[in-house]
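Below, each chain spelled out in residue letters.
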Amino acid sequence: MAWPLKEVKQLACSDYSIAWICALPLEKVAARNMLDELHKTPPLPDIDSNIYTCGRIHDHNIVIVCQSDMGSVAAAVVANQLVNTFQRLRCGLLVGIAGGVPDNRDIRLGDVVISRPDGRSGGVVAHDRGRWTLAGFESTPYLNGVPQRLQNVFNELESLLMDHENRIMDYIQAATSRNPLFEQFARPEQEDYLFVKGYGHLQRDEGAAPCALCSENKSMLVSRPPRGGSFPTVHFGGVASGNQLVNDGLVRSQIAERHPGVFALEMEAAGLMNVFGCATIRGICDYADSHKNNCWQNYAAAVAAAVTKEILRIIPGTAKRSKPDASNALSVSGSELSHAAVPRAFIGRDELRWIEQVFTPNSSTQ
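Reading the values: rules and limits
Residues numbered from 1 in each chain as written. Predicted model: local features only at pLDDT ≥ 70, side-chain atom pairs only at ≥ 80, totals over all residues. Heavy atoms only, no water. Helix = DSSP H or I, 4+ residues; strand = E, 2+ residues; numbered from the N terminus. Buried < 20%, exposed > 50% of the residue type's maximum accessible area, 1.4 Å probe, protein only. Contact = heavy atoms within 4.5 Å. Areas by Shrake-Rupley, 256 points an atom, 1.4 Å probe, with all protein chains shown as cover. Pairing = 2+ DSSP bridges. Expected span 1.5 Å × (residues − 1). Polar contact = N/O pair within 3.5 Å; in protein donor to acceptor, adjacent residues only side chain to side chain. Core = buried A, V, L, I, M, F, W, Y, C linked by side-chain atoms within 4.5 Å. pLDDT = per-residue confidence, 0-100. Phe/Tyr/Trp six-rings, centres within 6.5 Å; stacked < 30°, edge-to-face > 60°. Salt bridge = Lys/Arg side-chain N within 4 Å of Asp/Glu carboxyl O.

1. Considerations on the overall build of the protein
In terms of helices and strands, the protein carries seven helices and 13 strands. In the protein, buried positions account for 48% of the 366 residues. For the protein, long-range pairs separated by at least 24 residues make up 78% of all intrachain contacts whose partners lie at least 6 apart in sequence. Of the roughly 18200 Å² of accessible surface on the protein, a fraction of 51% belongs to carbon and sulfur atoms.

Here is the structure:
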């Protein structure tokens, strides 16, 4: 079956204003199916090894990129190459799946968590970054906060959700109508089980439903009131990011005790927050315990992508820029390029060393 969208144009790298970053191929599938228009990828510099999908969503030209590996280090590498190539980005959105933290809030599978400052952090905490002391683990995240522009957008989204004025599920339905293969991202039939922390997963028979054996012990199931309808709940608060995958309910609870405002656990945001202004949108696919399975991953990725598309509908488009006057172009002769004009976070170590040699007065290369 042919891909339903055709490449309609090719723009310059400078025409893209929003970065959409994923960690898994299934997350990129969900992102690509949210596009309203597909573009041919513009020419890229040789030093950029990322593979991009470019297109338009609402009024924004979007560049989508998927990491080659999970974790904050891989995210930082991707982001640095991204911002070097696409230098007119207004913000970044890290979109995908995550483990829910039901210890502090009624989190269900298929819900979405959006990082937003909660009075304890700027929206994302690095839960495994810090030191051990006599009093226990002392977290020292040192992460930048979610940009004010995105905070304002999230406030507007929250108001729309309260008024039931949003198109989130419509986006999923439209993607499925356009691409029948997207049906694999539909809400699964698998039960949403939440087990008490410390109750380990029991091995199931081959072919049996996930956690069918675990759920036979009803005393190990957390009692929760039923949710009306199938529309996911969108939560706004903290997201905990670390370099290790958490598959232990006791560890999850310990993180929740240290960071009470955290509603989701993931592995990439800590590598992005200090590179450029961004936020993370996460669909909940498990509860970060030993009962983790893949049943809810596709649906969680689809809902997170649809929420992101609604966020992009809220963000105002940018006015078209006129071509720069050549007389205002920056001259780089002699020492006219100051160090302050070079964004060090966006360039590599070798490039920075060359710039310092060439443009520093009394340099041996002059």
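2. Concerning the pairing of strand 12 (residues 262–266)
Two faces, one strand: in a regular strand the side chains alternate between the faces of the sheet. Counting buried positions over the five residues of strand 12 gives five, a clear majority of the element. Both strand 6 (residues 91–100) and strand 12 contribute to a ladder of two bridges, which runs antiparallel. Looking at strand 12, one finds that Gly99 is bridged to Leu265. Bridge count between strand 11 (residues 234–241) and strand 12: four bridges; the pairing is parallel. Bridge assignment links Ser241 to a residue of strand 12, and that residue is Glu266.

3. Comments concerning the environment of Val95
Along the chain, Val95 turns up in strand 6. Separated by 75 residues in sequence, Val95 and Trp20 place their C-alpha atoms 6.9 Å apart. Among all residues touching Val95, those that are not within four sequence positions of it are Trp20, Ile21, Cys22, Glu27, Ile281, Ala304, Ala305 and Thr308.

4. Remarks on the pairing of strand 2 (residues 18–22)
Of all five residues that make up strand 2, five are buried, and the element is covered over most of its length. Along strand 2, one buried face is formed by Ile18, Trp20 and Cys22 and the opposite face, lined by Ala19 and Ile21, is buried too. Taken together, the five bridges between strand 2 and strand 5 (residues 60–66) define a ladder with parallel strand orientation. The residue bridging Ala19 from the neighbouring strand is Val63, located in strand 5. Direction of pairing for strand 2 relative to strand 6: parallel, over a ladder of four bridges. The residue of strand 6 that forms the bridge with Ala19 is Gly92.

5. So, helix 6 (residues 297–314)
Its 18 residues place the ends of helix 6 26 Å apart at the C-alpha level, agreeing with the 26 Å of an ideal helix rising 1.5 Å per residue. Summarising burial for helix 6: 16 of the 18 residues are buried, a large majority.

6. Concerning the side chain of Asn166
Tracing the chain through its elements places Asn166 in the loop between helix 3 (148–162) and helix 4 (168–178). Within polar-contact distance, the side chain of Asn166 engages the backbone nitrogen of Ile168 at 3.2 Å. Apart from the residues lying within four places of it in its own chain, the contact partners of Asn166 are Leu160, Leu161, Phe231, Glu310 and Arg313.

7. Some thoughts on the nonpolar core
Side chains of a nonpolar character, in soluble globular proteins, are inclined to be buried together. Formed by 89 residues in total, the largest nonpolar core has its most connected members in Trp20, Ile114 and Val307. The contact partners of Trp20, leaving out residues within four places of it in the chain, are Ala31, Met34, Ile57, Ile62, Val63, Ile64, Val65, Leu93, Val95, Ala305, Thr308 and Leu312. One finds Val101, Val125, Ala256 and Ala288 within the second-largest nonpolar core, a separate group that totals nine residues.

8. With respect to helix 2 (residues 72–85)
Given 3.6 residues per helical turn, the α-helix brings residues three or four places apart onto the same face. Over its 14 residues, helix 2 runs 20 Å from end to end, which matches the ideal 20 Å to within 8%, given 1.5 Å per residue. Buried-residue contacts for helix 2 involve strand 2, strand 4 (52–57) and strand 5.

9. Examining the confidence of the model for the protein
Interpreting fine coordinate detail is not advised for predicted regions of low pLDDT. Here the protein shows a mean pLDDT of 85. Residues at 70 or above account for 84%. This model gives residues 324–366 a pLDDT under 50, and the stretch forms 36 contacts once residues within four places in sequence are excluded.

10. Some details on the packing of aromatic side chains
Applying the stated criterion across every chain, the model contains six aromatic pairs. Relative to Phe86, the ring of Tyr16 lies with its centre 5.9 Å away and its plane at 85 degrees, an arrangement referred to as edge-to-face. Of this pair, Tyr16 sits in the loop between strand 1 (7–10) and strand 2 while Phe86 sits in the loop between helix 2 and strand 6, and the two are 70 residues apart along the sequence. Both residues of the pair, Tyr16 and Phe86, belong to the buried class. For the pair Tyr193 and Phe195, a centre-to-centre distance of 5.8 Å together with 35 degrees between the ring planes defines the contact as tilted. Residue Phe195 is classed as buried on the basis of its relative accessible area, which comes to 3%.

11. Looking at the pattern of salt bridges
Two side chains of opposite charge can pair, provided their charged atoms sit close to one another. Under the defined criterion, the tally for this structure stands at 13 salt bridges. Between Arg116 and Glu158 there is a salt bridge, and its shortest N-O distance comes to 3.0 Å. On the criterion of sequence distance, the pair formed by Arg116 in the loop between strand 7 (112–115) and strand 8 (124–126) and Glu158 in helix 3 is long-range, its members being 42 residues apart. A salt bridge links Glu268 to Arg282, with the nearest nitrogen and oxygen atoms 3.0 Å apart. One end of the pair, Glu268, is in the loop between strand 12 and strand 13 (278–286); the other, Arg282, is in strand 13, with 14 residues separating them in the sequence. Classification of Arg282 as buried rests on a relative accessible area of 1%. Each of Asp106, Arg108, Asp111 and Arg227 takes part in a single network of salt bridges with overlapping partners.

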